[in-house]
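One letter stands for each residue in the lines below.
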Amino acid sequence: WQACFASLVSQDYVNGTDQEEIRTGVDQCIQKFLDVARQTECFFLQKRLQLSVQKPEQVIKEDVSELRNELQRKEALIQKHLGKLRHWQQVLEDISVQHKKPAEMPQGPLAYLEQASANIPA
């Protein structure tokens, strides 16, 4: 990291060097950083391989743990979607009830009087 940042804030670059020279220096620093990252990844992969040979049950435990975490995450996602589904089902039911009520109610005062008078015993 230090080499990458040092080349970017170096006085050589601040004092006005050629753009191509700056680009080349930055590219070299990035390449060095990528090489170190590959070496680090290789180191951890080798350690993982050694662990899987020496303690295979540990690798299985890690895999089971990862699968459990994934199942919990997916279960939470399903519950979230079910909650949203219930909400929208309720909204749709409310809308359908609102549309049925005006059809059941008589239109205008005259229709209301006619309905009310029809319910009065003679």
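Residues numbered from 1 in each chain as written. Predicted model: local features only at pLDDT ≥ 70, side-chain atom pairs only at ≥ 80, totals over all residues. Heavy atoms only, no water.

As recorded in an unreviewed UniProt entry, the protein goes by Mediator of RNA polymerase II transcription subunit 28 and comes from Phaetusa simplex. Listed under Sequence similarities (unreviewed entry) in UniProt, the entry text for the protein is "Belongs to the Mediator complex subunit 28 family." According to the UniProt record, the Subcellular location (unreviewed entry) comment for the protein is "Nucleus". (UniProt positions renumbered as here; feature names shortened; annotations may be inferred.)

Engineer: Report on the overall build of the protein, specifying residues and quantitative values.
Structural biologist: What the protein contains, in helices and strands, is five helices and zero strands. For the protein, the residues scored as buried account for 4% of the 122 residues in total. Total accessible area on the protein is roughly 11100 Å²; 60% of this is exposed by carbon and sulfur atoms. (Helix = DSSP H or I, 4+ residues; strand = E, 2+ residues; numbered from the N terminus. Buried < 20%, exposed > 50% of the residue type's maximum accessible area, 1.4 Å probe, protein only. Areas by Shrake-Rupley, 256 points an atom, 1.4 Å probe, with all protein chains shown as cover.)

Engineer: Describe the pattern of salt bridges, and please don't skip the residues or the numbers.
Structural biologist: Scanning the entire structure with this criterion turns up four salt bridges. Residue Glu62 is joined to Arg48 by a salt bridge in which the shortest nitrogen-to-oxygen separation is 2.3 Å. On the criterion of sequence distance, the pair formed by Glu62 in helix H4 (residues 56-104) and Arg48 in helix H3 (residues 19-54) is long-range, its members being 14 residues apart. Taking relative accessible area as the criterion, Arg48 reaches 34% and is therefore assigned partly exposed. Of the charged contacts, one joins Glu70 and Lys74 as a salt bridge, the two residues approaching to 3.1 Å between their closest N and O atoms. (Salt bridge = Lys/Arg side-chain N within 4 Å of Asp/Glu carboxyl O.)

Engineer: Residue-level account of the packing of aromatic side chains, with values.
Structural biologist: Using the criterion set out here, one finds one aromatic pair in the structure. With a centroid separation of 5.3 Å and 75° between ring planes, the pair formed by Phe43 and Phe44 is classed as edge-to-face. (Phe/Tyr/Trp six-rings, centres within 6.5 Å; stacked < 30°, edge-to-face > 60°.)

Engineer: I'd love a proper account of a nonpolar patch on the surface, names of residues and values included.
Structural biologist: Among the surface-exposed residues, Ile30, Phe33 and Leu34 lie close enough to one another that they form a single nonpolar patch of about 240 Å² accessible area. Structurally, Ile30 is set in helix H3. With a relative accessible area of 43%, Ile30 lands in the partly exposed category. (Patch = residues over 30% accessible without salt bridge, like charges linked within 9 Å, V, L, I, M, F, W, Y side chains within 5 Å.)

Engineer: Explain the UniProt feature "coiled-coil region" (unreviewed entry) in the protein residue by residue, including any values.
Structural biologist: The positions that UniProt labels "coiled-coil region" (unreviewed entry) are, in the present scheme, residues 57-84. Between the C-alpha atoms that bound residues 57-84 there is a distance of 41 Å. The span itself is 100% helix and 0% strand.

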